[in-house]
Amino acid sequence: MEAPGCRRRQLPVLLLWVNGLMTLGFAGAHQQTNLCNESLMLEKLPACGKSFEEMMKKVDSKKWCNLTEFIMYYDNFTQCTEREANNASCFWPNPLAEGFITGIHKQFFSNCTSEKVHWEDPPDEILTTLILIPVMLTCAMITLVVWCSKRSDILV
């Protein structure tokens, strides 16, 4: 039977060995051997756009800016572009796929700019109250701490 101290010394060695195996495994297991076939990807992506366009015809164009109306269609579009990029041995997203997706966005969502919110300061009465409450609480807490520290006979 081994001594517990011996096991403690072996544990870091075991952890380093496992870490090394995992690092080598992860580094070598997912290396992409195929080069990205950009022309194939660009040939296949329009089918995703066409499918998305057909699905968006079901949604009233006035509701195109409301994501909840077409989120499932957009999810299918995203999965399609990812699948086609991966089939062409390309990572996703990549600049070409992003350019295609941006084109779809311009086609369907160019009028969906959000209005800028104009922030205003609250009225002076509310602002003064919001500033004075924490200042007064801080002063009260400091006074309480000083008073309690001078009256140490109560705490004993």
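Residues numbered from 1 in each chain as written. Predicted model: local features only at pLDDT ≥ 70, side-chain atom pairs only at ≥ 80, totals over all residues. Heavy atoms only, no water.

This paragraph deals with the state of the cysteines. One pass over the structure, following the stated rule, counts 3 disulfides. Covalent S-S linkage joins C36 and C90, the inter-sulfur distance amounting to 1.8 Å. Disulfide C36 to C90: torsion about the S-S bond roughly 85 degrees, handedness right-handed. One end of the pair, C36, is in the loop between α1 (4-29) and α2 (38-56); the other, C90, is in the loop between α3 (71-87) and α4 (95-109), and 54 residues separate them in sequence. Classification of C36 as partly exposed rests on a relative accessible area of 34%. Across the protein chain, the way the bonded cysteines pair up, counted in sequence order, is 1-5, 2-4, 3-6. (Disulfide = S-S within 2.5 Å. Helix = DSSP H or I, 4+ residues; strand = E, 2+ residues; numbered from the N terminus. Buried < 20%, exposed > 50% of the residue type's maximum accessible area, 1.4 Å probe, protein only.)

Attention shifts here to the packing of α2 against α4. Between α2 and α4, the least distance of the axes is 10 Å, while the angle of their chain directions is 25 degrees. In terms of axis orientation, α2 runs roughly parallel to α4. Judged by the sense of rotation from one axis to the other, the crossing of α2 with α4 is right-handed. Along the contact surface, α2 presents E38, M41, L42, L45, P46, G49, F52, E53 and M56, while α4 presents L96, A97, F100, I104, Q107, F108 and F109. Split by residue class, the contact of α2 with α4 holds 12 nonpolar, 2 polar and 2 charged. (Axes fitted to C-alpha atoms, helices over the stretch in contact; angles between N-to-C directions. Parallel < 35°, antiparallel > 145°, perpendicular 65-115°, else oblique. Left-handed = near helix turned anticlockwise from the far one by under 90°. Contact = heavy atoms within 4.5 Å. Nonpolar A, V, L, I, M, F, W, Y, C, P; charged D, E, K, R; others polar.)

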